[in-house]
Amino acid sequence: SAVISQKPSRDICQRGTSLTIQCQVDSQVTMMFWYRQQPGQSLTLIATANQGSEATYESGFVIDKFPISRPNLTFSTLTVSNMSPEDSSIYLCSVESTGEQFFGPGTRLTVL
Amino acid sequence: GENVEQHPSTLSVQEGDSAVIKCTYSDSASNYFPWYKQELGKRPQLIIDIRSNVGEKKDQRIAVTLNKTAKHFSLHITETQPEDSAVYFCAASNVGDYKLSFGAGTTVTVRA
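Since the model is a prediction, treat every value here as computed from it, not as a measurement.

A few words now on the sheet that holds strand β3 (residues 19-25) of chain A. Residues and elements named next belong to chain A. Within the open sheet, the four strands sit side by side as β1-β3-β8-β7. Their pairing is antiparallel. Each edge of the sheet is formed by a strand with only one pairing partner; in this case those strands are β1 (4-7) and β7 (68-72). Between one strand axis and the next, the sheet turns through 15° on average, direction left out of account. Note that β7 and strand β8 (residues 75-80) share three bridges and pair antiparallel. Looking at β8, one finds that S69 is bridged to T77.

If you want it as structure tokens, here you go:
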């Protein structure tokens, strides 16, 4: 399985600011995804980030709020823009590898 | 879009007993059904998955069954151990896009 790391592991931010989360994979992968897991809840897909194309966003998520970059086959970033306390969540990247999907360790974001 | 329902939300079993978690899905195009285990503060870990061309799959104490006609699939854990205590999530997707729709999760507690 792919080895996935995320930075930062956690952060506390002030409302109105932005945070960029990085996701690094130890092998080249075509499909990368970003999920959100609100406290005590399940996982919800934010967007799919494929290299060489624009990210595709799920219903309820927009590019202005969650811009995504995918500069190469091993790296992606998710920015949470103009944050509010409702954005406090764990943000996880995942990758598809050999027909299975594996998750990064997550970034725990608290917005004050 | 896909809607995945998961039951029960909590499950308490005596060590050595079996645990069963059931999920239903709505989109007949879904053909990939993974199960994830998430321990407190950790990332979701893939424990078993099944594709629509298979009715049952087993891996040691864990088994998954799929009924495509009824659109439901189940996770079975036999001979439960304290280390099986965690939150378990079912998910569904189309193998073509790997966009996972998750169930709400089941908190499993194994009593020693």
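This next bit is on the pattern of salt bridges. Tallied over the full model, the rule gives five salt bridges over all chains. Where K65 of chain A meets D87 of chain A, a salt bridge forms, and the shortest distance between an N and an O atom there is 2.6 Å. Taken together, the residues K65 of chain A in the loop between β6 (56-57) and β7 and D87 of chain A in the loop between β8 and β9 (89-97) connect sequence positions 22 residues apart. Note that R61 of chain B is salt-bridged to D84 of chain B, the shortest N-O span being 2.9 Å. Taken together, the positions of R61 of chain B in the loop between β6 (56-59) and β7 (62-67) and D84 of chain B in the loop between β8 (72-77) and β9 (86-92) put the pair 23 residues apart, joining distant regions of the chain. Among the charged side chains, a salt-bridge network with shared partners connects D49, R51 and K57 of chain B.

The subject of this paragraph is the sheet that holds β8 of chain B. Residue and element names in this part refer to chain B. As summarised here, the arrangement of the five strands in space is β1-β3-β8-β7-β6, forming an open sheet in which the pairing is antiparallel. A strand with exactly one partner marks an edge of an open sheet, and here the two such strands are β1 (4-7) and β6. Along the sheet, successive strands turn relative to each other by an average axial angle of 15°, direction set aside. Relative to β8, β7 runs antiparallel, the two being bridged by six bridges. Within β8, the position partnered with V64 by the bridge is L75.

We now examine the state of the cysteines. Scanning the entire structure with this criterion turns up two disulfides over all chains. Two residues share a disulfide in this structure: C23 of chain A and C93 of chain A, whose sulfurs sit 2.0 Å from each other. Classification of the bridge connecting C23 of chain A and C93 of chain A rests on its S-S torsion, roughly 70°, and on that basis the disulfide is right-handed. With C23 of chain A in strand β3 and C93 of chain A in strand β9, this residue pair connects regions lying 70 residues apart in the sequence. Across the pair, C93 of chain A and C23 of chain A agree in class, each one buried. Note on cysteine connectivity: C23 of chain B is disulfide-linked to C90 of chain B, with sulfurs 2.0 Å apart. Classification of the bridge connecting C23 of chain B and C90 of chain B rests on its S-S torsion, roughly -100°, and on that basis the disulfide is left-handed. Residue C23 of chain B is found in strand β3 (residues 19-25), and its partner C90 of chain B is found in strand β9; the two are separated by 67 residues along the sequence. The cysteine C13 of chain A is free of any disulfide, with C93 of chain A supplying the nearest cysteine sulfur at 17 Å.

Each value, and the rule that gives it
Residues numbered from 1 in each chain as written. Chains lettered and ligands numbered in written order. Predicted model: local features only at pLDDT ≥ 70, side-chain atom pairs only at ≥ 80, totals over all residues. Heavy atoms only, no water. Pairing = 2+ DSSP bridges. Helix = DSSP H or I, 4+ residues; strand = E, 2+ residues; numbered from the N terminus. Axes fitted to C-alpha atoms, helices over the stretch in contact; angles between N-to-C directions. Salt bridge = Lys/Arg side-chain N within 4 Å of Asp/Glu carboxyl O. Disulfide = S-S within 2.5 Å. Buried < 20%, exposed > 50% of the residue type's maximum accessible area, 1.4 Å probe, protein only.

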